[in-house]
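Notes for the structure review
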Amino acid sequence: MIEDVIIDIDSFSSVYEITLQAIPNQEFSTTINNEIFNIEVRTFANDRTYITIKKDDVTLCNNANIKCGVDITYFGGIRDFRFFFLKQNDKQDIPYNYTDFGINIGLYCGVI
């Protein structure tokens, strides 16, 4: 079993918040340090929400679970950017889904 790679927030030179809407399905591009990332969020019938992040048609994560404090792009092959979710309050209800975006959790990109 592959273990989660925990984020060390102090290891980044910059951290950017990526705004997600509290809607079940969304797709958009965002630019961080002149690099374009395509983000797709999908919610399935079981009400579980997953995220896919791509850069230049390279998949950094594919249908990753929303898990706070974990580098969801660790195995994506791009080492200068790390994407992760952080809790914004003490809510303990897991699993998180799209209804928590902007309220209980946020998506971030750390630049090394």
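What counts and what doesn't
Residues numbered from 1 in each chain as written. Predicted model: local features only at pLDDT ≥ 70, side-chain atom pairs only at ≥ 80, totals over all residues. Heavy atoms only, no water. Pairing = 2+ DSSP bridges. Helix = DSSP H or I, 4+ residues; strand = E, 2+ residues; numbered from the N terminus. Axes fitted to C-alpha atoms, helices over the stretch in contact; angles between N-to-C directions. Phe/Tyr/Trp six-rings, centres within 6.5 Å; stacked < 30°, edge-to-face > 60°. Buried < 20%, exposed > 50% of the residue type's maximum accessible area, 1.4 Å probe, protein only. Salt bridge = Lys/Arg side-chain N within 4 Å of Asp/Glu carboxyl O.

Another aspect to go through is the sheet that holds strand β7 (residues 105-111). Read across the open sheet, the 3 strands follow the order β1-β7-β6; overall the sheet is antiparallel. Each edge of the open sheet carries a strand with a single partner, namely β1 (14-18) and β6 (81-87). Each adjacent strand pair in this sheet contributes to an overall mean axis angle of 30°, direction not counted. The pairing of β1 with β7 spans 5 bridges and is antiparallel. Of the residues in β7, the one forming a bridge with Ile-18 is Leu-107.

This part covers the packing of aromatic side chains. Scanning the model with the defined rule gives 7 aromatic pairs in all. A ring pair is formed by Phe-37 and Phe-81, whose centres lie 5.1 Å apart and whose planes are at 65°; its orientation type is edge-to-face. Within this pair, whereas Phe-37 is found in strand β3 (residues 35-43), its partner Phe-81 is found in strand β6, the two being separated by 44 residues in sequence. Judged on exposure class, the residue Phe-37 and its partner Phe-81 are both buried. Between Phe-84 and Tyr-108, the aromatic rings sit 6.0 Å apart at their centres with planes inclined by 20°, giving stacked as the arrangement. Of this pair, Phe-84 sits in strand β6 while Tyr-108 sits in strand β7, and the two are 24 residues apart along the sequence. The structure contains a cluster of three or more aromatic residues connected by ring pairs, namely Phe-12, Phe-84 and Tyr-108.

This part is about the pattern of salt bridges. One pass over the full model with this rule turns up 5 salt bridges. One salt bridge connects Glu-40 with Arg-42, and the closest N-O pair in it is separated by 3.0 Å. On the basis of relative accessible area, Glu-40 is assigned to the partly exposed category, the value being 27%. Here Lys-55 makes a salt bridge to Asp-56, at a shortest N to O gap of 2.8 Å. Residue class for Lys-55 comes out buried when judged on its relative accessible area of 10%. Members of the salt-bridge network, linked through shared partners, are Glu-27, Glu-40 and Arg-42.

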